[in-house]
Amino acid sequence: MTVTLADVAARAQVSPATVSRVLNGNYPVAASTRERVLRAVDELDYVLNGPASALAAATSDLVGILVNDIADPFFGIMASAIQAEIGGPGGRAGGERLAVVCNTGGSPERELTYLTLLQRQRAAAVVLTGGAVEDQPHAAAVAAKLRKLTEAGTRVVLCGRPPAPDTRAVALTFDNRGGGRQLTEHLIGLGHRRLGYIAGPEERTTTRHRLEGHRAALAAAGIEEDPRWTVHGRYDRRSGYEATLELLRRDPSLTAVVAANDSVALGACAALRESGLRIPEDVSVAGFDDLPFSIDAVPSLTTVRLPLAEAGARAGRIAMGREEPPPGEIATVRGELMVRGSSGVPRR
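A quick note: this is a predicted structure, and the numbers were derived from the prediction, not measured.

**A look at the sheet that holds strand E11 (residues 330-333)**
Sheets are built from strands that pair by backbone hydrogen bonding, the pairs being arranged parallel or antiparallel.
Phase 1 of the analysis: In space, the six strands of this open sheet follow the order E2-E1-E3-E4-E5-E11, with parallel pairing throughout. Edge positions in the sheet fall to strand E2 (98-103) and E11, since each has one partner strand and no second. Taken over all neighbouring pairs, the strand axes of this sheet differ in orientation by 15 degrees on average, direction set aside.
Phase 2 of the analysis: Where strand E5 (residues 170-174) meets E11, four bridges bridge the pair, whose relative direction is parallel. Residue pairing for E11: Ala 171 is matched across the bridge by Ile 330.
Phase 3 of the analysis: Packed onto the sheet, helix H7 (residues 136-151) meets strand E3 (125-129) and strand E4 (155-159) and runs at close to 140 degrees relative to E4.

Given below as structure tokens:
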């Protein structure tokens, strides 16, 4: 049964006019009342009637792109490629779609809020980029939102994100396990046996998958992992700097540092240089993603190249309906090992 404005008003214990004011944002409403109305909207999964042009069709000309941090090149590259595909023919007014980049800041609550807002606006497509949060209640809530979107005719694409079962969302998943294993196998092949690892936030799927690949390579080579060799942190340069100093404090005999991504690897390089260690003569360093600055680092960074622009472009074509894989299809996007100057034979 369709939920009406009156249903929301009854749940929030306010008048329908107050609900309308909150949703339209055109009249001051007390913060506590506004919160009560928005909670009722979310609980009832109420979809706001959009403009008349949107009501005439199943969807509007809006496309939502959810990113963790638009300032991070990892997300910026994908968002740019997605938007380039969306800017072409396909909408009703003049043949274009309006792309809206939604910056979640890594907040699970904000991610759900954006999905709700896009559902209310009858978005033509929604693309979610990057890893997901390892939290079962949140995963269930996201899956429920994605099902509502696809049932309403919205195309949903997961780009660089694990599949969402039973949602009909198309998933382009990055092979983070395979890339992580390949990177560590390269270092082991050079002769490294004492490898520090700077992992990302523990609650992210990308963190777990890359770390699992690293550990699989160690196990295959018969190297027993020392608990001191792994430190978790954020996906940024400062985290890499601080984590490397901690790794050196725990075990000064490390001959390699594997970083969660290229930004973390740059921080690791800075910490090693300040500690009087040469790269790669004393300690090798490896990153992940092959972001644009990686090749210009000194020495240039050994890393795993993910085809971020290519994956984003394909996600955009699927969002526009120019590629039509079966609903729920899962495609694996593999990385490529890029061996550069930051890794070498251990001399210590």
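From this point, things continue past the structure.
**A few points about the packing of aromatic side chains**
Phase 1 of the analysis: One pass over the full model with this rule turns up two aromatic pairs.
Phase 2 of the analysis: Here the aromatic rings of Phe 74 and Phe 75 are separated by 5.0 Å at their centres, their planes lie at 80 degrees, and the arrangement is edge-to-face. For the pair shown, Phe 74 and Phe 75 are each scored as buried.
Phase 3 of the analysis: Aromatic side chains Phe 74 and Phe 174 sit 6.2 Å apart centroid to centroid with 85 degrees between the ring planes, which places their arrangement in the edge-to-face category.

**With respect to the domain arrangement of the protein**
Phase 1 of the analysis: Taken as a whole, the protein is organised into domain 1 (5-48), domain 2 (57-174 + 308-333) and domain 3 (176-305).
Phase 2 of the analysis: Relative to domain 3, the C-alpha centre of domain 1 lies at a distance of 49 Å.

**Concerning the pattern of salt bridges**
Phase 1 of the analysis: Using the criterion set out here, one finds 26 salt bridges in the structure.
Phase 2 of the analysis: As a salt-bridge pair, Arg 215 and Glu 225 come within 3.0 Å of each other at their nearest N and O atoms. Of this pair, Arg 215 sits in helix H9 (residues 205-220) while Glu 225 sits in the loop between H9 and strand E7 (230-232), and the two are 10 residues apart along the sequence.
Phase 3 of the analysis: For Glu 225, a relative accessible area of 26% corresponds to the partly exposed category.
Phase 4 of the analysis: Among the salt bridges present, the one from Arg 238 reaches Glu 242, with a minimum N-O distance of 2.9 Å. Taken as a pair, Arg 238 and Glu 242 lie in helix H10 (residues 237-250) at a separation of four residues, close to a single helical turn.
Phase 5 of the analysis: Residue classification places Glu 242 among the partly exposed residues on the basis of a relative accessible area of 38%.
Phase 6 of the analysis: What emerges from the salt-bridge pattern is a single network uniting Glu 85, Arg 314, Arg 317, Arg 322, Glu 323 and Glu 329.

**Regarding unusual backbone geometry**
Phase 1 of the analysis: Put simply, Ile 279 and Pro 280 share a cis peptide bond, and its omega is 5 degrees.
Phase 2 of the analysis: Checked against the element boundaries, Pro 280 lands in the loop between helix H11 (262-274) and strand E9 (284-286).
Phase 3 of the analysis: Val 298 connects to Pro 299 through a cis peptide bond whose omega is -5 degrees.
Phase 4 of the analysis: Within the secondary structure layout, Pro 299 lies in the loop between E9 and strand E10 (303-305).
Phase 5 of the analysis: Phi angles above zero are rare outside glycine, and Arg 122 is one such case at about 50 degrees.
Phase 6 of the analysis: With respect to the secondary-structure elements, Arg 122 resides in the loop between helix H6 (108-120) and E3.
Phase 7 of the analysis: Look at Arg 122 and you get partly exposed, because its relative accessible area is 23%.
Phase 8 of the analysis: Despite not being glycine, Asp 166 has its phi angle at roughly 65 degrees, a positive value.
Phase 9 of the analysis: The exposure class assigned to Asp 166 is exposed, which follows from its relative accessible area of 69%.

**Brief notes about H10**
Phase 1 of the analysis: Along its 14 residues, H10 runs 20 Å from first to last C-alpha, staying within 8% of the 20 Å computed at 1.5 Å per residue.
Phase 2 of the analysis: Taken residue by residue, H10 has Ser 239, Gly 240, Ala 243, Thr 244, Leu 247 and Leu 248 as its buried positions. In a view along the axis of H10, the buried residues occupy a sector of 160 degrees, so they form one face of it. Set apart from the buried face of H10 by more than 90 degrees, the exposed residues are Arg 238 and Arg 249.
Phase 3 of the analysis: Buried residues along H10 sit in contact with strand E6 (195-199), E7, strand E8 (256-259) and H11.

**A closer look at the pairing of strand E1 (residues 62-67)**
Phase 1 of the analysis: Within E1, six of the six residues are buried, which leaves the element mostly enclosed by the surrounding structure.
Phase 2 of the analysis: A two-sided burial pattern is seen for E1, the buried positions comprising Leu 62, Gly 64 and Leu 66 on one face and Val 63, Ile 65 and Val 67 on the other.
Phase 3 of the analysis: By the bridge criterion, six bridges tie E1 to E2 in an arrangement that is parallel. Across the sheet, Gly 64 pairs through a bridge with Val 100, a residue of E2.
Phase 4 of the analysis: The sheet contact formed by E1 and E3 spans four bridges and is parallel. In the strand pairing of E3, Ile 65 is matched with Val 127.

**Considering the environment of Asp 289**
Phase 1 of the analysis: Looking at where Asp 289 falls in the secondary structure, it is placed in the loop between E9 and E10.
Phase 2 of the analysis: In this structure, the C-alpha to C-alpha distance between Asp 289 and Asn 68, residues 221 residues apart in sequence, is 16 Å.
Phase 3 of the analysis: Excluding anything up to four places from it in sequence, Asp 289 contacts Phe 74, Arg 210, Asn 261, Asp 262, Thr 303, Val 304, Arg 305 and Leu 306.
Phase 4 of the analysis: A distance of 2.8 Å separates polar atoms of two side chains, one belonging to Asp 289 and the other to Arg 210.

Reading the values: the criteria
- Residues numbered from 1 in each chain as written.
- Predicted model: local features only at pLDDT ≥ 70, side-chain atom pairs only at ≥ 80, totals over all residues.
- Heavy atoms only, no water.
- Pairing = 2+ DSSP bridges.
- Helix = DSSP H or I, 4+ residues; strand = E, 2+ residues; numbered from the N terminus.
- Axes fitted to C-alpha atoms, helices over the stretch in contact; angles between N-to-C directions.
- Contact = heavy atoms within 4.5 Å.
- Phe/Tyr/Trp six-rings, centres within 6.5 Å; stacked < 30°, edge-to-face > 60°.
- Buried < 20%, exposed > 50% of the residue type's maximum accessible area, 1.4 Å probe, protein only.
- Domains from an automatic or database assignment.
- Salt bridge = Lys/Arg side-chain N within 4 Å of Asp/Glu carboxyl O.
- Expected span 1.5 Å × (residues − 1).
- Arc of directions from axis to C-beta.
- Polar contact = N/O pair within 3.5 Å; in protein donor to acceptor, adjacent residues only side chain to side chain.

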